[in-house]
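# Inside the fold
Now for the letters of each chain:
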Amino acid sequence: MKNTRQALREFGASFMGPAFLVYAKEVEAKGAGRVPVCLAREGWCFERLLSHLNAHGHIELEYAPRYLKVSRTLLFRANLGHDYLWPLALANDFEGSMLDLMRKRFGLQMHEAFSVLPVELLQMQIKLPEQQSDAIMWLEPHVPRLKALVAPTLQGVMAYLAALGLKTGPQPMMLDLGYSGTIQKLLTRMLERDTHGLYYVTTKQSGNQHGAGVATLEGVFRENASWGDGFQMLDRSLLFESLMTAPHGQVVDVREDSDGGFEFCYGRQAATQRHFQDLQQVFDGAIEQVATWMADEVTFTSEEVEQMYESFTTRQGAIPQCAWHLFFVDDDFSGNGILNPLALFNI
């Protein structure tokens, strides 16, 4: 009988390997003159994949990949109170109290929210994106206090970006799973330069100005896709998102310490973080499979990767039981808490 470790590695090879192969080749093809910057939780496994392939000669990258420990929540917190943030931060679905919105989407702690916003406002219910203009109107009188509260976070993020050398030198090529490039757009504004983003899937038009820079977005498997159109790499992307995470979970704050280093604060852990040794086997199996395929000059088309992903995400029993405990994802951003995509999609 196959042991669990081997079963997890084989699952990683078949579930994540095909998309990893096509994506890594595209990073190499688009990487000339650009430094690969692996973003947020998904970036953790992208950095490991690309570093392994580059070190073993399977791909040639002009610049070594860098892992950037950020999240939407961290960047929303750092830019809280600025007019340019509202269209990005209040456009996605959310339903709950203003206190929940401040905590889950902007990373404020309970005592921080109560220190800058009135109780009556924090108790109000909000539904986004329908009440986006209401939220802006309600928060507007409190903007100076919000900016003062998050000023240390903004300073920490800016110092972190400068320390990684992203404000100068080769153009950053932001690498992430998808979809609308919110993190890239905020980083483009903060870095004050043009950036290029390479995603599995994009849902928005590319090439928009954000401050002094233009954020160009490119999708490897599909561009300008729409939710609910039956493209499973988007509609059921929660399955990829469950696995493509970092051992530390979501970063919610960063501060520069006295010796020039950085201290990070993290959100709550999902089951995936608590069982990260199993997820490590999934990653290792996928990365080893990609290296073998590249050595043997195996290739897949985007359409073939889509078909293989769809077979896992629409057929009951296609995902082995040994990996079921890894499929949980933190969806606090939308106010939904921890989600189990296997139950959600009935597979």
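What you see is a predicted model; the values in this text were computed from it and never measured.

Helices and strands together make up the secondary structure of the protein chain, namely 17 helices and 12 strands. Taking 2.2 N^0.38 as the reference for a compact globule, 347 residues should give roughly 20 Å; the C-alpha atoms of the protein chain span a radius of gyration of 20 Å, in line with that estimate. Across its three principal directions, the C-alpha atoms of the protein chain cover 60 × 45 × 40 Å. Taken across its 347 residues, the protein chain has 54% of its residues classed as buried. The long-range fraction of contacts in the protein chain, counting pairs at least 24 apart against all pairs at least 6 apart in sequence, stands at 70%. Positive and negative charge centroids in the protein chain, built from 29 and 41 side chains respectively, lie 3 Å apart.

Attention shifts here to empty space enclosed by the protein. Summed over the entire model, instances satisfying the criterion amount to two cavities of 30 Å³ or more. Counted as a void, the largest cavity has a volume near 40 Å³. Lining the largest cavity, in full, are Ser14, Phe15, Pro18, Ala19, Phe240, Val305, Met308, Tyr309 and Phe312. Residue assignment for the lining of the largest cavity shows that the elements contributing at least two residues are α1 (4-15), α2 (17-30) and α16 (302-314). Examining the composition of the lining of the largest cavity, we find that four residues originate from one element, α16, more than from any other. For the lining of the largest cavity, the class distribution of residues is eight nonpolar, one polar and no charged. If you add up the space inside the second largest cavity, you get close to 30 Å³. Along the lines of polarity and charge, the residues of the lining of the second largest cavity split into six nonpolar, one polar and no charged.

Assignment of secondary structure puts threonine 313 in helix α16. Apart from the residues lying within four places of it in its own chain, the contact partners of threonine 313 are Gln232, Arg236, Leu239 and Ile347.

It is worth spelling out the nonpolar core at this point. With 62 residues, the main nonpolar core has Phe20 and Tyr200 as its most contacted residues. By size, the runner-up hydrophobic cluster in this structure holds 49 residues, among which are Ala78, Leu80, Leu99 and Leu101.

So, about the layout of surface pockets. Gaps between atoms show up when a probe of the same size as a water molecule is rolled over them. Taken as a whole, the second largest pocket encloses approximately 410 Å³ of empty space. Around the second largest pocket, the lining is made up of 19 residues, and of these Arg103, Gly107, Leu108, Val252 and Gly267 lie nearest the centre. Within the residue set of the lining of the second largest pocket, elements represented by two or more residues are α4 (72-78), α6 (98-104), α7 (110-116), β9 (251-256) and β10 (262-266). Looking at the lining of the second largest pocket, its residues break down into five nonpolar, five polar and nine charged.

This structure, assessed with the given rule, holds 10 salt bridges. With its nearest N and O atoms 2.5 Å apart, the salt bridge here joins arginine 9 to glutamate 288. One end of the pair, arginine 9, is in helix α1; the other, glutamate 288, is in helix α15 (residues 276-295), with 279 residues separating them in the sequence. We classify arginine 9 as buried; its relative accessible area is 12%. Close ionic contact of glutamate 26 with lysine 30 constitutes a salt bridge, the shortest N to O distance being 2.7 Å. Highlighted residues: glutamate 26 and lysine 30, both in helix α2, separated by four residues, approximately one helical turn. Linked through salt bridges whose partners overlap, the residues forming this network are Arg9, Arg48, Asp284 and Glu288.

Inspection of the entire model under this criterion finds 23 aromatic pairs. Measuring from ring centre to ring centre gives 5.4 Å for tyrosine 179 and tryptophan 227, while their planes differ by 70 degrees; the resulting arrangement is edge-to-face. You can see tyrosine 179 sitting in the loop between β5 (171-176) and α11 (182-191) and its partner tryptophan 227 sitting in the loop between β8 (213-222) and α12 (232-235), a full 48 residues away along the chain. Taking the relative accessible area as the measure of exposure, tryptophan 227 reaches 51% and is therefore exposed. With a centroid separation of 5.0 Å and an interplanar angle of 85 degrees, the aromatic rings of tryptophan 293 and phenylalanine 300 are classed as edge-to-face. Judged by relative accessible area, phenylalanine 300 falls into the partly exposed class, the value being 22%. Put simply, the rings of Phe11, Phe15, Phe20, Tyr23, Phe46, Tyr200, Phe221, Phe240, Tyr309, Phe312 and Phe327 pair up and form one aromatic cluster. The residue whose ring lies beneath lysine 69 is phenylalanine 264, and the NZ or CZ to ring-centre distance is 4.4 Å.

As for its position among the elements, leucine 238 is in helix α13 (residues 238-243). Exposure remark for leucine 238: the relative accessible area of 17% places this residue in the buried category. Residues leucine 238 and proline 144, spaced 94 residues apart in sequence, show a C-alpha to C-alpha distance of 37 Å. Apart from residues lying up to four places away in sequence, leucine 238 is in contact with Val329, Leu339, Pro341, Leu344 and Phe345.

Take the sheet that holds strand β7 (residues 208-210) next. The six strands are arranged β2-β1-β5-β6-β8-β7 in an open sheet whose pairing can be described as mixed. In this open sheet, the two strands that pair with only one neighbour each are β2 (66-68) and β7. Ignoring strand direction, the axes of neighbouring strands in this sheet form an average angle of 30 degrees. Of the strand pairs in this sheet, strand β1 (residues 34-39) and β5 are connected by five bridges, and their pairing is parallel. In the sheet register, cysteine 38 faces β5, and the bridge partner there is leucine 175.

Criteria and cut-off values
- Residues numbered from 1 in each chain as written.
- Predicted model: local features only at pLDDT ≥ 70, side-chain atom pairs only at ≥ 80, totals over all residues.
- Heavy atoms only, no water.
- Helix = DSSP H or I, 4+ residues; strand = E, 2+ residues; numbered from the N terminus.
- Rg over C-alpha atoms; globule rule 2.2 N^0.38 Å.
- Buried < 20%, exposed > 50% of the residue type's maximum accessible area, 1.4 Å probe, protein only.
- Contact = heavy atoms within 4.5 Å.
- Lys, Arg positive; Asp, Glu negative; His and termini not counted.
- Charge placed at Lys NZ, Arg CZ, Asp CG, Glu CD.
- 1 Å grid on protein atoms, 1.4 Å probe; cavity = no way out; pocket = protein on both sides within 12 Å on 5 of 7 lines; lining within 4 Å.
- Points joined across faces, edges and corners; volume = space filled by probe spheres on them.
- Nonpolar A, V, L, I, M, F, W, Y, C, P; charged D, E, K, R; others polar.
- Core = buried A, V, L, I, M, F, W, Y, C linked by side-chain atoms within 4.5 Å.
- Salt bridge = Lys/Arg side-chain N within 4 Å of Asp/Glu carboxyl O.
- Phe/Tyr/Trp six-rings, centres within 6.5 Å; stacked < 30°, edge-to-face > 60°.
- Lys NZ or Arg CZ within 6 Å of the ring centre and 35° of its normal.
- Pairing = 2+ DSSP bridges.
- Axes fitted to C-alpha atoms, helices over the stretch in contact; angles between N-to-C directions.

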